[in-house]
Amino acid sequence: MKAGILAELRASDGYVSGQDLCKKFGVSRTAIWKAINQLKQTGYEIEAVQNRGYHIVSTPDILSENELKSIRKTEWLGNTICYEPVMGSTNTKAMQLAEEGAPHGTLVVTDKQECGRGRRGRNWETPPGTGIAMTLLLRPEINPDNASMLTLVAAMAVARGIEDESGLRVGIKWPNDIIVNAKKVSGILTEMSAQTDYVNHIVIGIGINVHTEEFSEELKNIATSIYMELGIKINRAALIERICEYFEAYYDVFLRTEDLSEIAKQYDAYMVNRNQPVRVLDPHDAFEGTARGITNRGELLVDTWETRRLVSSGEVSVRGIYGYL
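Just so you know, these numbers come straight off a predicted model, no measurement behind them.

### Comments concerning the overall build of the protein chain
Part 1 of the argument: Looking only at helices and strands, the protein chain has nine helices and 14 strands in total.
Part 2 of the argument: Relative to a compact globule of 325 residues, whose C-alpha radius of gyration would be 20 Å, the protein chain shows 22 Å and is just as compact.
Part 3 of the argument: Dimensions along the principal axes, computed over C-alpha positions, put the protein chain at roughly 80 × 45 × 35 Å.
Part 4 of the argument: The 325 residues of the protein chain split such that 50% are buried.
Part 5 of the argument: Residue pairs in contact within the protein chain that sit at least 24 positions apart in sequence constitute 64% of those at least 6 positions apart.
Part 6 of the argument: Within the structure as shown, the protein chain displays about 15400 Å² of accessible surface, and the carbon and sulfur contribution to it stands at 45%.
Part 7 of the argument: Averaged over its 36 positive side-chain charges, the protein chain has a centre that lies 4 Å from the centre of its 43 negative ones.

Laid out in structure tokens, this is it:
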């Protein structure tokens, strides 16, 4: 009910009467009053005026199931939300929920991620109040060979969402690092459970540095946060919702063809290492060339001095010749 009350207050330009809320949720005025007070205790500033009702004045930067549900605009993504203040890993939690039968579109979110994972086993921790750690649980009826392209779909959604909510100029370092001013602000990890010709489920983990104020010596030259670039703090729940809206739209486009043919040009426009010299760190066949964009299957096109090569993601890493980009 609290999520519903928040949604009603946000939808109104003025005050919402207690009587209207009672009718809406089929409860007593006392129940509404208690719910309002509980919301105030979590940080929402809600004004109550006799004979006028309730009015929401300000919203804190809070991650909770109620907050995420109250601002949700998507059709199917986030129908089910699993929020816990602390998790080891949102991907691990989503995998567990998938095995337990959680539906397609389940959104898993935490405020503090203690054992998050990046590509090739790297750690991605999220201290409380500083970032976004979220995972999307999907059950697509697609060929398992096409699942890896969803990582690039997610990268587009994250880039567009950050742009909208922050106003920052955002790029993508193939395949899935989100870049602001030549530094990484977000990473994406896609994991799948599948049989030979059938996908059981896919989880897409997204980590974003939002309010982080500093990084270690090891990371400060390659990592950044939205706050460090913008100088102000944005609302994390609003950013999650915007990313979900974009992902839902791009995902529905992807399903029509099971490839990236309809968004490849958009992706190329965001790609920061397009037309740049790169080093492909394939453990079996490392080489250098110039990145040219992606194919309709999300492979990276690299022109070497002798030929054009296609690079798939997976265990391959791409770096700039002279640095991270």
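### Some remarks on the pattern of salt bridges
It is possible for side chains of opposite charge to pair when their charged atoms get near one another.
Part 1 of the argument: Tallied over the entire structure, the rule returns 17 salt bridges.
Part 2 of the argument: Close ionic contact of Glu 67 with Arg 10 constitutes a salt bridge, the shortest N to O distance being 2.8 Å. Here Arg 10 lies in helix H1 (residues 2-11) and Glu 67 lies in helix H4 (residues 65-70), a separation of 57 residues in the sequence.
Part 3 of the argument: Given the relative accessible area of 2%, Glu 67 is considered buried.
Part 4 of the argument: Between Asp 164 and Arg 242 there is a salt bridge, with the nearest N and O atoms lying 3.2 Å from each other. You can see Asp 164 sitting in helix H6 (residues 149-166) and its partner Arg 242 sitting in helix H8 (residues 236-257), a full 78 residues away along the chain.

### Brief notes about the packing of aromatic side chains
Part 1 of the argument: Scanning all chains against the criterion turns up three aromatic pairs.
Part 2 of the argument: Judged by centre distance (6.4 Å) and plane angle (25 degrees), the ring pair of Tyr 246 and Tyr 250 falls under stacked. Taken together, the positions of Tyr 246 and Tyr 250, both in helix H8 and four residues apart, correspond to about one turn of that helix.
Part 3 of the argument: Both rings, one in Phe 247 and one in Tyr 251, keep their centres 5.7 Å apart while their planes meet at 25 degrees; by these two values the pair is stacked.

### Section: the sheet that holds strand S6 (residues 171-173)
Part 1 of the argument: Read across the open sheet, the seven strands follow the order S3-S4-S5-S9-S8-S7-S6; overall the sheet is mixed. Since the sheet does not close on itself, it has two edges, and those belong to strand S3 (81-87) and S6, each with one partner. Averaged over all adjacent pairs, the angle separating strand axes in this sheet is 20 degrees, with direction ignored.
Part 2 of the argument: In this sheet, strand S9 (residues 199-209) lies alongside strand S5 (residues 131-138) in antiparallel orientation, the contact comprising eight bridges. Looking across to S9, one finds that Met 134 is bridged to Ile 206.
Part 3 of the argument: Most of the contacts of helix H5 (residues 90-99) go to S9, to which it runs at about 155 degrees, and overall it touches S3, strand S4 (106-113), S5, strand S8 (183-194) and S9.
Part 4 of the argument: Across the face of the sheet, H8 comes into contact with S4, S5 and S9 while running at roughly 30 degrees to S5.

### Some words on the pairing of S8
Looking along a regular strand, one sees the side chains alternate between the two faces of the sheet.
Part 1 of the argument: Note that strand S7 (residues 177-180) and S8 share three bridges and pair antiparallel. The partner of Ile 179 across the bridge, within S8, is Lys 184.
Part 2 of the argument: Two elements, S8 and S9, share nine bridges in a ladder whose sense is antiparallel. The residue of S9 that forms the bridge with Met 192 is Ile 202.
Part 3 of the argument: What sits between S8 and S9 in their antiparallel hairpin is a turn of four residues.

### Points about the packing of H1 against helix H2 (residues 18-25)
Helix-helix packing is characterised by the crossing angle of the two axes and by the distance between the axes.
Part 1 of the argument: Packing of H1 against H2 leaves a shortest axis separation of 11 Å and a crossing angle of 135 degrees. Taken together, the axes of H1 and H2 lie oblique to each other. Both H1 and H2 take part in a crossing whose hand is right-handed. Where H1 abuts H2, its residues Gly 4, Ile 5 and Glu 8 lie against Leu 21, Lys 24 and Phe 25.

### Observations regarding the side chain of His 201
Part 1 of the argument: If you trace the backbone, His 201 turns up in strand S9.
Part 2 of the argument: Setting aside its immediate chain neighbours within four residues, His 201 contacts Met 95, Ala 98, Glu 99, Leu 137, Leu 138, Arg 139, Glu 191, Met 192 and Ser 193.

### Comments concerning empty space enclosed by the protein
Part 1 of the argument: Using the criterion set out here, one finds one cavity of 30 Å³ or more in the structure.
Part 2 of the argument: Estimated volume of the largest cavity: approximately 60 Å³.
Part 3 of the argument: Taken together, Leu 68, Arg 72, Thr 74, Leu 77, Gly 78, Ile 81, Leu 107, Ile 240, Glu 241 and Cys 244 form the lining of the largest cavity.
Part 4 of the argument: Among the elements that make up the lining of the largest cavity, the one with the highest residue count is H8 (three residues).
Part 5 of the argument: Partitioned by chemical class, the residues of the lining of the largest cavity number six nonpolar, two polar and two charged.

### A few points about unusual backbone geometry
Part 1 of the argument: Across the junction of Trp 174 and Pro 175, the peptide omega takes the value 0 degrees, indicating a cis bond.
Part 2 of the argument: Checked against the element boundaries, Pro 175 lands in the loop between S6 and S7.
Part 3 of the argument: Positive phi outside glycine occurs at Glu 258, with the angle close to 55 degrees.
Part 4 of the argument: Looking at the element boundaries, Glu 258 is found in the loop between H8 and helix H9 (264-270).

What counts and what doesn't
- Residues numbered from 1 in each chain as written.
- Predicted model: local features only at pLDDT ≥ 70, side-chain atom pairs only at ≥ 80, totals over all residues.
- Heavy atoms only, no water.
- Helix = DSSP H or I, 4+ residues; strand = E, 2+ residues; numbered from the N terminus.
- Rg over C-alpha atoms; globule rule 2.2 N^0.38 Å.
- Buried < 20%, exposed > 50% of the residue type's maximum accessible area, 1.4 Å probe, protein only.
- Contact = heavy atoms within 4.5 Å.
- Areas by Shrake-Rupley, 256 points an atom, 1.4 Å probe, with all protein chains shown as cover.
- Lys, Arg positive; Asp, Glu negative; His and termini not counted.
- Charge placed at Lys NZ, Arg CZ, Asp CG, Glu CD.
- Salt bridge = Lys/Arg side-chain N within 4 Å of Asp/Glu carboxyl O.
- Phe/Tyr/Trp six-rings, centres within 6.5 Å; stacked < 30°, edge-to-face > 60°.
- Pairing = 2+ DSSP bridges.
- Axes fitted to C-alpha atoms, helices over the stretch in contact; angles between N-to-C directions.
- Parallel < 35°, antiparallel > 145°, perpendicular 65-115°, else oblique.
- Left-handed = near helix turned anticlockwise from the far one by under 90°.
- 1 Å grid on protein atoms, 1.4 Å probe; cavity = no way out; pocket = protein on both sides within 12 Å on 5 of 7 lines; lining within 4 Å.
- Points joined across faces, edges and corners; volume = space filled by probe spheres on them.
- Nonpolar A, V, L, I, M, F, W, Y, C, P; charged D, E, K, R; others polar.

So, to be careful, I would describe these as geometric facts and stop short of saying anything about function.
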